[in-house]
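# Secondary and tertiary structure notes
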Amino acid sequence: MSAATTTETRDVTWASEACSGVLDQVERAVVGKREALELVLTGVIAGGHVLLEDFPGLGKTLAARSFAQALGLDFRRAQFTPDLLPADLTGSYVFDQGKATFEFRPGPLLTGLLLADEINRTPPKTQSALLEAMQEKQVTVEGTTHQLTRPFHVLATANPVETEGTYPLPEAQLDRFLLRLAFGYPSEDEEWDVLSRRISRRAEEQSVDAVLGAEDLLEIQQIAEDVFFHPEVGRYAIAITRETRSDSQLLVGASPRGSLALLTCARAYALIKGRNFVTPEDIKMLAVGTLGHRVTVRPELWMSNITGDKVVQGLLDRVPVPAEYRPDH
């Protein structure tokens, strides 16, 4: 049996249709952002976390809640503020007078999908508590380790313009996000669709139907692990990552973890698209989202409106795409 057919077609078809159903439900709430929503779901299917960096009022919170409902995951929201303490996220031990013992009261981190709202508004000490949960899938409270539920995913939001009263995310934490995305402003027709839907339902709240459950999501994530990529496609991803390390506009390029993130997301994206193999186009589609926040632009270029995303986008024009490959070899 060839490498490309090691995943049963039925499994790939089921997973792709399930992902499409999830996106259809989320689109009932978040209008006109199918491509961006596909990328958010890609990060979840790839088993990672997603940073949504965009202006207020563009549907980031609504998207997170809608994904939790459609995926059948427990949902908690943590509003990150300068006075937020690590225990406010992880939970703490509280003395129970009736039992004369200390009992653990879990915080919002012990959930299926956490919305970390305005993540850059809390100090580094609290950010480090989130970092352990994102990387190790556990929290440590007073020397005791508590394992998080699986699946566990963080959708974090940040305002890219407002900097007063914020704490820039350390590079170690940025590196824990598989993808950094932006929704962008809707078109005129999309904005009218948002308004007309709100008027029609006669209520502010909006909910979507559950398509999957936690066990279903875990199964889809496992199917994504079997998605095949040709060595030439893998080397293409590595070539893009390595190019960031020699670009004159960048002070620091992406590490090998960037290459791994790119390929991991590409396999999940291919699955969402109904394929059991990765194409170079998948790599190009995900390069900016996976690498743009893993590079550091030279300080002297900060005032020139040059960003990591723009540099990575430019690299795609320079790195040659594999001329010919066959997914089944």
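Just so it is clear, the model here is predicted, and its values are computed rather than measured. (Residues numbered from 1 in each chain as written. Predicted model: local features only at pLDDT ≥ 70, side-chain atom pairs only at ≥ 80, totals over all residues. Heavy atoms only, no water.)

## Some thoughts on the packing of aromatic side chains
Let me state the cut-off plainly: We call Phe, Tyr and Trp rings a pair once their centres come within 6.5 Å, taking the six-membered ring for Trp, and we label the pair stacked below 30 degrees between planes, edge-to-face above 60, and tilted otherwise. Each helix corresponds to a stretch of at least 4 residues labelled H or I by DSSP, and each strand to a stretch of at least 2 residues labelled E; elements are numbered beginning at the N terminus. The rule for a charge over a ring is simple: NZ of Lys or CZ of Arg within 6 Å of the ring centre, and within 35 degrees of the ring normal.
For the structure shown, the criterion picks out three aromatic pairs. Ring geometry for Tyr-93 versus Phe-104: centroids 5.4 Å apart, planes at 55°, classification tilted. Here the residue Tyr-93 occupies a position in strand E3 (residues 91–96), and Phe-104 occupies one in strand E4 (residues 101–106), the gap between them amounting to eleven residues. Its guanidinium or amino end placed over the ring of Phe-277, Arg-275 lies 5.8 Å from that ring's centre, counting from NZ or CZ.

## Description of a nonpolar patch on the surface
How we decide: Any residue with relative accessible area above 30% and no salt bridge may belong to a patch, with like charges joined within 9 Å and the nonpolar Val, Leu, Ile, Met, Phe, Trp and Tyr side chains within 5 Å. Methods summary: accessible areas were calculated by the Shrake-Rupley approach with a probe of 1.4 Å, and residue burial reflects only the protein chains presented. Salt bridges are counted wherever a side-chain nitrogen of Lys or Arg sits within 4 Å of a carboxyl oxygen of Asp or Glu.
A grouping of Phe-55, Val-161 and Tyr-185 is seen on the molecular surface, where their side chains present a nonpolar patch of about 330 Å² in accessible area. Mapped onto the elements, Tyr-185 comes out in the loop between strand E9 (179–181) and helix H7 (188–201).

## With respect to the pairing of strand E8 (residues 153–158)
What counts here: Relative accessibility under 20% of the residue-type maximum defines a buried residue, over 50% an exposed one, and the middle range a partly exposed one, all with a 1.4 Å probe and only protein chains included. The pairing criterion for strands is at least two bridges between them, as found by DSSP.
Most of E8 is tucked away, with six of its six residues classed as buried. Taking every second residue as pointing to the same face, both faces of E8 are buried, with His-153, Leu-155 and Thr-157 on one and Val-154, Ala-156 and Ala-158 on the other. In terms of strand pairing, strand E1 (residues 50–53) meets E8 through four bridges, oriented parallel. Bridge pairing in E8 places Leu-51 opposite Ala-156. Relative to E8, strand E5 (residues 113–117) runs parallel, the two sharing four bridges. Looking at E8, one finds that Leu-113 is bridged to His-153.

## Topic: the environment of Leu-301
What counts, and what does not: Contacts were defined at the residue level, with two residues in contact if any of their heavy atoms lie within 4.5 Å.
As for its placement among the helices and strands, Leu-301 is situated in the loop between strand E11 (296–297) and helix H12 (308–318). For Leu-301 and Leu-250, which are 51 residues apart along the polypeptide, the C-alpha to C-alpha distance reads 9.2 Å. When residues no more than four places from it in sequence are discounted, the contact partners of Leu-301 are Gln-249 and Ile-306.

## Things to note about the pairing of strand E6 (residues 138–141)
Across four bridges, the pairing between E6 and strand E7 (residues 144–147) is antiparallel. Across the sheet, residue Val-139 finds its bridge partner in E7, namely His-146. The hairpin turn running from E6 into E7, its antiparallel successor, is two residues long, and Glu-142 in that turn takes a positive phi close to 50°.

## Concerning the UniProt feature "domain: ChlI/MoxR AAA lid" (unreviewed entry) in the chain
Heads up, the condition is: UniProt positions are given in the numbering used here, feature names are shortened, and annotations may be inferred rather than shown by experiment.
As recorded in UniProt, the sites labelled "domain: ChlI/MoxR AAA lid" (unreviewed entry) are residues 242–312. Overall, residues 242–312 shows 52% helix and 7% strand. The separation of its end C-alpha atoms is 11 Å.

## Concerning the side chain of Arg-180
Quick reminder of the rule: Pairs of N or O atoms are called polar contacts if they sit within 3.5 Å, as long as, within protein, a hydrogen donor faces a hydrogen acceptor (for residues adjacent in sequence, only side-chain-to-side-chain pairs).
Position of Arg-180 relative to the elements: it lies in strand E9. Residue Arg-180 is classed as buried on the basis of its relative accessible area of 17%. One polar contact links Arg-180 to Asp-309, side chain to side chain, over a distance of 3.0 Å. In this structure, Arg-180 is in contact with Leu-51, Glu-53, Gly-289, Gly-292, His-293 and Asp-309, ignoring residues within four places of it in sequence.

## Section: the sheet that holds E5
The line we're drawing: Here an angle of 0 to 180 degrees is reported between the N-to-C directions of two axes, which are lines fitted to C-alpha atoms, with helices fitted over the stretch in contact.
In spatial order, the strands read E2-E5-E8-E1-E9; together these five strands make up an open sheet with parallel pairing. Unpaired on one side and paired on the other, strand E2 (75–79) and E9 mark the two borders of the sheet. Within this sheet the neighbouring strands show an average axis-to-axis angle of 20°, counted without direction. Pairing analysis gives three bridges linking E1 to E9, with the strands arranged parallel.

## Points about helix H3 (residues 60–71)
Just so we agree on the cut-off: Expected helix span is given by 1.5 Å per residue-to-residue step, counting one fewer step than there are residues.
The terminal C-alpha atoms of H3, which comprises twelve residues, lie 16 Å apart, in line with the 16 Å expected from a rise of 1.5 Å per residue. Lys-60, Ala-63, Ala-64, Ser-66, Phe-67, Ala-68, Ala-70 and Leu-71 are the residues of H3 that are buried. Of the residues one or two after H3, Gly-72 is the one with positive phi, at around 70°.

## As for the packing of helix H9 (residues 231–244) against helix H10 (residues 256–272)
The relative placement of two packed helices is expressed as an angle between their axes plus a distance between the axes. As a reminder, the rule being used: Any angle between 65 and 115 degrees counts as roughly perpendicular, while under 35 counts as roughly parallel, over 145 as roughly antiparallel, and the rest as oblique. By the definition used in this description, the sense in which the near helix is turned from the far one sets the handedness, with an anticlockwise turn below a right angle giving left-handed and a clockwise turn giving right-handed.
Contact pair H9 / H10: the axes reach a minimum separation of 9 Å and the direction vectors enclose 135°. Looking at the two axes, H9 sits oblique to H10. H9 and H10 meet at a crossing whose hand is right-handed. Along the contact surface, H9 presents Gly-234, Ala-237, Ile-238 and Thr-241, while H10 presents Gly-258, Ser-259, Leu-262 and Leu-263.

## Comments concerning the pattern of salt bridges
Counted under the stated rule, the structure contains 14 salt bridges. Of the charged contacts in the structure, one is a salt bridge between Asp-24 and Arg-34, with a shortest N-O distance of 2.7 Å. Residue Asp-24 is located in helix H1 (residues 9–29), and its partner Arg-34 is located in helix H2 (residues 34–45); the two are separated by ten residues in the primary sequence. On the accessibility criterion, Asp-24 (39% relative accessible area) is partly exposed. Exposure remark for Arg-34: the relative accessible area of 24% places this residue in the partly exposed category. Residue Asp-209 pairs with Arg-28 through a salt bridge whose shortest N-O separation is 3.4 Å.

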